[in-house]
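Structural features, examined
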Amino acid sequence: MLSNFYKSTRGGVSKINSSSALLRGIADDGGLFIKEGAFEKFDIKDFLNLSYEEIAYKILKVFFDFNEERLKDSIQKAYKKFLSKEVAPLKILKDRAFIELYHGPTGAFKDIALTLLPYLMKLSMEEENTGEEVLILTATSGDTGKAALEGFKDVEGIKIMVFYPKDGVSEAQRIQMVTQEGNNVEVVGINGNFDDAQTAVKSIFTDESIKSQLKEKGVIFSSANSINIGRLFPQVVYYFYGYMNLVKNKKIELGQEINIVVPTGNFGNILSSYYAKKIGLPVKKFICASNENNILTDFINTGVYDTKRDFYTTITPSMDIVISSNLERLIYDISGEDSKIVNDLMSDLKASGKFEINENMKEKLKCFYGNYGTEAEILNAINETYKKDGYLIDPHTAVGQIVYDKYVKETSDDTYALITATASCYKFAKTTLEALGFTYESDDMKFEKILCEKTNTEIPEFIKSLENKKIIFDNMVEKDEIKNKVLSFAIGEKS
Ligand SMILES: *Cc1c(COP(=O)(O)O)cnc(C)c1O
């Protein structure tokens, strides 16, 4: 019996089952899939003494209609790939804890969903049983690309193509991608920034002529970006896991509210925490941390989302985003699930580059706090945290740290906070070293060795494994060439 159905935020698509929504990624009307009907609500007590995998199973079956044993098996296989047995361990400090989401195969929090997504996609393909091949198209601001490539490499019946902005990723991020092995992968650099890449990829998803050309060849598109429900819901799990871990460590009482702090880009991670609250996690405030691309800070403070602004390339590349795709799901939710409002706002965005939500929605947005960290503040926060707590955080996590400090200073709210630590500092070794006061002239691979020596920390496996890898993908295209690139890869002849 199917019980989970999905519809589009824009109202043009409904009654889609969960495997079909997962395979399609984005709805045909350009909207995002959301669950129909009310959310099941858990009692937080239900999660006592459960392992990460058990919590994952309990939560994911609320969103997906997969066979019980096969879903359990998929979860087991995915999280075996993590280096920490706990999957998402906590670093507990007095007034806050960092939940380390970066112990997966590629060193960023994207692994939590992208180790599982290929299994979920295989289950969906079997359930839909259309015999079609799936082509995953993904634009990356640095971390999604590698995590998706690693998850989907050599998976039968699926091909994956990743587009990354040429100047928008760290050297370690780039090397991780362009050395990717696997017989079903393609990696392409784009002259442009992440928004250019994301917009181009999104437009391919709704391009009827490409879609029908591929359909003839038995190929359908899907997405591994955080707009996919198969990305979003696995991320709900670690908020419950982190919460229960705080209870176990006596930092909070069962049932007590926490604040959640998320360094944010495409709004996927923080939206997952919002869904966590909808299904029963006690959360007081969602603290949305941005870098100098602070469109979300302005939005949360004013209700106006205005994309007409400069784009900055920062030392937190995975947050260099102006158009946060998943925000549409929040808009839908705070509009009282009103597709007409969503359509109007999205039309405004398309026509004038901005939109403003109504007073009712502004009121509902008040459970969010938004602020941002500057480049100098980021370097300083890494240094201070290391000196004060002996704890190394990456530049993205540092943005969370900064914004949480600003929040406490402004509000004096001392509710215990859970900060998502989204990447290993070894992905950004050069910046981390600079923050700690060291500067060297050399290439990135050596920075990692220096970081290891200076801080007496271990070089993670995902960095060690890059040494001596061959560059496989060195092609770079203009935005308007993406379409042809996709066609030629999809239909077989690799260019
Ligand atoms: C992707 C990413 C983010 C932003 O997450 P969103 O879900 O896009 O908001 C933050 N930090 C790191 C390291 C990331 O890889």
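For the structure given in this document, a descriptive report is provided here. (Residues numbered from 1 in each chain as written. Predicted model: local features only at pLDDT ≥ 70, side-chain atom pairs only at ≥ 80, totals over all residues. Heavy atoms only, no water.)

**Some words on the overall build of the chain**
- From N to C terminus, the chain includes 22 helices and 16 strands.
- For a compact globule of 495 residues, the expected C-alpha radius of gyration is about 23 Å, and the chain comes in at 21 Å, within 12% of that figure.
- On the principal axes, the C-alpha backbone points of the chain span a range of 60 × 50 × 50 Å.
- Accessible surface, the chain: about 19,500 Å² in total, of which carbon and sulfur atoms supply 46%.
- Separation of charge centres in the chain, based on 62 positive and 73 negative side chains, amounts to 3 Å. (Helix = DSSP H or I, 4+ residues; strand = E, 2+ residues; numbered from the N terminus. Rg over C-alpha atoms; globule rule 2.2 N^0.38 Å. Areas by Shrake-Rupley, 256 points an atom, 1.4 Å probe, with all protein chains shown as cover. Lys, Arg positive; Asp, Glu negative; His and termini not counted. Charge placed at Lys NZ, Arg CZ, Asp CG, Glu CD.)

**Description of the site of the ligand**
- The local shell around the ligand holds 15 residues, among which Lys110, Asp143, Gly265, Asn266 and Asn269 are the closest.
- Contacts to the ligand include Asp143, whose side-chain N or O atom sits 2.4 Å from an oxygen atom.
- Relative to its free-state accessible area of 380 Å², the ligand is covered by the protein chains to the extent of 98%.
- The site holding the ligand turns out to be the largest cavity.
- Across the shell around the ligand, the residue classes tally to five nonpolar, eight polar and two charged. (Near = heavy atom within 4 Å. Polar contact = N/O pair within 3.5 Å; in protein donor to acceptor, adjacent residues only side chain to side chain. 1 Å grid on protein atoms, 1.4 Å probe; cavity = no way out; pocket = protein on both sides within 12 Å on 5 of 7 lines; lining within 4 Å. Sits in = over half its atoms within 2 Å of the grid points. Nonpolar A, V, L, I, M, F, W, Y, C, P; charged D, E, K, R; others polar.)

**Looking at the pairing of strand β8 (residues 185-190)**
- Burial runs high along β8: six of the six residues are buried.
- Across six bridges, strand β7 (residues 158-165) lies against β8 in parallel orientation. Each bridged residue has a counterpart across the sheet, and for Pro165 the counterpart in β8 is Ile190.
- In this region the chain leaves β7, passes through helix α7 (residues 171-178) and returns to the parallel neighbour β8; the handedness of that crossover is right-handed.
- When β8 meets strand β16 (residues 476-477), the two strands line up parallel, connected through two bridges. Across the sheet, Ile190 pairs through a bridge with Val477, a residue of β16. (Buried < 20%, exposed > 50% of the residue type's maximum accessible area, 1.4 Å probe, protein only. Pairing = 2+ DSSP bridges. Right-handed = clockwise from strand over helix to strand, strands pointing away.)

**What about the packing of helix α9 (residues 208-216) against helix α22 (residues 482-490)?**
- Packing of α9 against α22 brings their axes to within 11 Å, and their N-to-C directions diverge by 10°. The angle between α9 and α22 falls in the class roughly parallel. Contacts from Ile210, Gln213 and Leu214 in α9 reach Lys483, Leu487 and Ala490 in α22. (Axes fitted to C-alpha atoms, helices over the stretch in contact; angles between N-to-C directions. Parallel < 35°, antiparallel > 145°, perpendicular 65-115°, else oblique. Contact = heavy atoms within 4.5 Å.)

**A short note on the layout of surface pockets**
- Considered as a void within the structure, the largest pocket measures approximately 710 Å³ in volume.
- If you trace the largest pocket, you find 24 residues lining it, with Arg10, Lys202, Ile323, Leu349 and Lys350 closest to the centre.
- Elements with a minimum of two residues in the lining of the largest pocket: α8 (194-205), α14 (327-334) and α15 (339-352).
- One number sums up the size of the second largest pocket: a volume of about 420 Å³.
- Along the wall of the second largest pocket there are 19 residues; nearest its centre are Arg24, Asp28, Lys215, Ile220 and Phe221.
- For the lining of the second largest pocket, the secondary-structure elements that each account for two or more residues are α1 (18-24), α9 and β9 (219-223). (Points joined across faces, edges and corners; volume = space filled by probe spheres on them.)

**Focus on unusual backbone geometry**
- A positive phi is found at Lys15, a non-glycine position, where the angle reads about 55°.
- Its relative accessible area of 56% is what places Lys15 among the exposed residues.
- One non-glycine residue, Ser412, adopts positive backbone phi at about 55°.
- When you line up the elements, Ser412 lands in the loop between α18 (395-411) and β15 (417-421).

**A short note on the sheet that holds strand β2 (residues 16-17)**
- Judged by pairing direction, the sheet is antiparallel, and its three strands sit side by side in the order β2-β1-β3 without closing on themselves. Two strands close off the open sheet at either side, each with one partner strand: β2 and β3 (33-35).
- Where strand β1 (residues 5-8) meets β3, three bridges bridge the pair, whose relative direction is antiparallel. Opposite Lys7, over in β3, you have Ile34 as the bridge partner.

**As for the packing of aromatic side chains**
- One pass over the structure, following the stated rule, counts 24 aromatic pairs.
- Relative to Phe221, the ring of Phe205 has its centre 5.8 Å away and its plane inclined at 65°; by these criteria the two rings are edge-to-face. Here the residue Phe205 occupies a position in helix α8, and Phe221 occupies one in strand β9, the gap between them amounting to 16 residues.
- According to the relative accessible area criterion, Phe221 is buried, its value standing at 8%.
- Through successive ring pairs, a cluster of aromatic residues spans Tyr6, Phe39, Phe63, Phe64, Phe66, Phe233 and Tyr275. (Phe/Tyr/Trp six-rings, centres within 6.5 Å; stacked < 30°, edge-to-face > 60°.)

**Some points on the nonpolar core**
- Ranked by internal contacts, the top residues of the largest apolar core, which has 112 residues, are Ile59, Phe233, Phe240 and Phe355.
- Among the elements that take part in this core, helix α11 (residues 234-248) stands out by supplying ten residues, more than any other.
- Among the nonpolar cores identified, the runner-up in size contains 36 residues, and Val399, Cys425, Phe447 and Ile463 belong to it. (Core = buried A, V, L, I, M, F, W, Y, C linked by side-chain atoms within 4.5 Å.)

**Points about empty space enclosed by the protein**
- For the structure shown, the criterion picks out four cavities of 30 Å³ or more.
- Its volume calculated, the largest cavity comes out at about 270 Å³.
- As for the largest cavity, its lining consists of 27 residues, of which Phe109, Lys110, Gly265, Asn266 and Ser318 are closest to the centre.
- Counting only elements with at least two residues in the lining of the largest cavity, the list comes to α6 (143-152), β10 (258-263) and α12 (268-278).
- Looking at side-chain class alone, the lining of the largest cavity contains ten nonpolar, 14 polar and three charged residues.
- Looking at the second largest cavity, its volume works out to about 80 Å³.
- Phe33, Ile34, Lys35, Phe39, Phe233, Tyr275, Lys278, Arg329, Tyr332, Asp333 and Glu337 together form the lining of the second largest cavity.
- When contributions to the lining of the second largest cavity are tallied by element, the ones reaching two or more residues are β3, α12 and α14.
- The residue inventory of the lining of the second largest cavity, partitioned by class, reads six nonpolar, no polar and five charged.

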